[in-house]
Structures are given as structure tokens and as C-alpha cells.
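# Structural overview
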Amino acid sequence: MSASPQMQTFLVEVQFLSGDEQYGMELYMIDAPNWYRAEQHALERSGESVYDNPLIPDLRRRVVSKQV
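Below: a short report on this structure. Residues take numbers from 1 onward in each chain, read along the sequence in its written order. Residue-level local features of this predicted model are given only where pLDDT is at least 70; pairs of side-chain atoms are given and counted only at 80 or more, and the full residue set underlies all totals for whole chains, interfaces and linings. Values reported for side chains reflect all heavy atoms of the structure, with hydrogen atoms and water molecules removed beforehand.

Let us now look at the packing of aromatic side chains. Paired rings are identified among Phe, Tyr and Trp, the last through its six-membered ring, by centres lying within 6.5 Å, and are further divided according to the angle between planes into stacked (under 30 degrees), edge-to-face (over 60) and tilted (the rest). Tallied over the entire structure, the rule returns four aromatic pairs. On the basis of an interplanar angle of 55 degrees and a centroid distance of 6.4 Å, the ring pair of Phe16 and Tyr23 is categorised as tilted. Their ring planes at 70 degrees and their centres at 6.2 Å tell us that Tyr23 and Tyr51 sit as a pair that is edge-to-face. Linking Tyr23 in strand β2 (residues 21–32) with Tyr51 in the loop between α1 (35–46) and β3 (59–67), this pair joins segments that are 28 residues apart in sequence. The exposure class assigned to Tyr23 is partly exposed, which follows from its relative accessible area of 29%. The exposure class of Tyr51 is partly exposed, given its relative accessible area of 30%. Cluster of aromatic residues (ring-pair linked, three or more members): Phe16, Tyr23 and Tyr51. Under the scheme used here, helices are H or I runs from DSSP no shorter than 4 residues and strands are E runs no shorter than 2 residues, and both carry numbers assigned from the N terminus. Whether a residue is buried, partly exposed or exposed follows from its accessible area with a 1.4 Å probe, protein chains only, as a fraction of its type maximum: under 20%, in between, or over 50%, in that order.

Have a look at this one:
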């Protein structure tokens, strides 16, 4: 039986870009075992954002996280 990973809280900023120009941003508080999982979870949640619009040309996301 293995112990469950220690959860940490991360503040994750997801920036929405059209090419290299940022047009939107959302912040997410995510509890996860590490920064990688926190960023992945935030990216999944960002799919429900008003900024996630397939009509935006060259739609990209940039993710920045920090432990709080």
C-alpha cells in the first residue's frame, strides 16, 4: 500500500494568445501533487473559458504557475 502524494496549492495563470499577442487571461487555484499536474489541470479547465474561441486565429495558451 503506497501513500497518496502530498497535495500543494498552486496559482496558475493561463494566458490566451492570438499568435504572439495576448488577448485574455484567467487565474486558477489548483490543488495538485506538483506544478506539472497543476498546469495540466488548469489547461483542461481553460477549455471552458470565454477566451477559448476556435475562431481566434493562431490560438495558443501560455501557462505560468507558482506555489502558494
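Still more to cover.
Here we take up the nonpolar core. Buried Ala, Val, Leu, Ile, Met, Phe, Trp, Tyr and Cys residues that are joined via side-chain atoms within 4.5 Å together make up what is termed a nonpolar core. Of all hydrophobic cores here, the largest spans nine residues; its members are Phe10, Val12, Val14, Phe16, Tyr28, Ile30, Ala32, Ala38 and Ala42. Going through the elements one at a time, β1 (8–18), β2 and α1 are the ones with two or more residues in this core. Top element by residues in this core is β1. It accounts for four residues.

Residue position: Gln15 is located in strand β1. According to the relative accessible area criterion, Gln15 is buried, its value standing at 10%. For Gln15, the side chain forms a polar contact with the side chain of Glu13, separated by 2.5 Å. A polar contact is formed between the side chain of Gln15 and the side chain of Arg62, at a distance of 2.5 Å. What Gln15 contacts, discounting residues up to four positions off in sequence, is Gln22, Gly24, Met25, Arg60, Arg61, Arg62 and Val64. For this analysis, a polar contact is any N or O atom pair within 3.5 Å, provided that within protein one partner can donate a hydrogen and the other can accept it, and provided that sequence-adjacent residues contribute only side-chain to side-chain pairs. Two residues form a contact once any of their heavy atoms are found within 4.5 Å.

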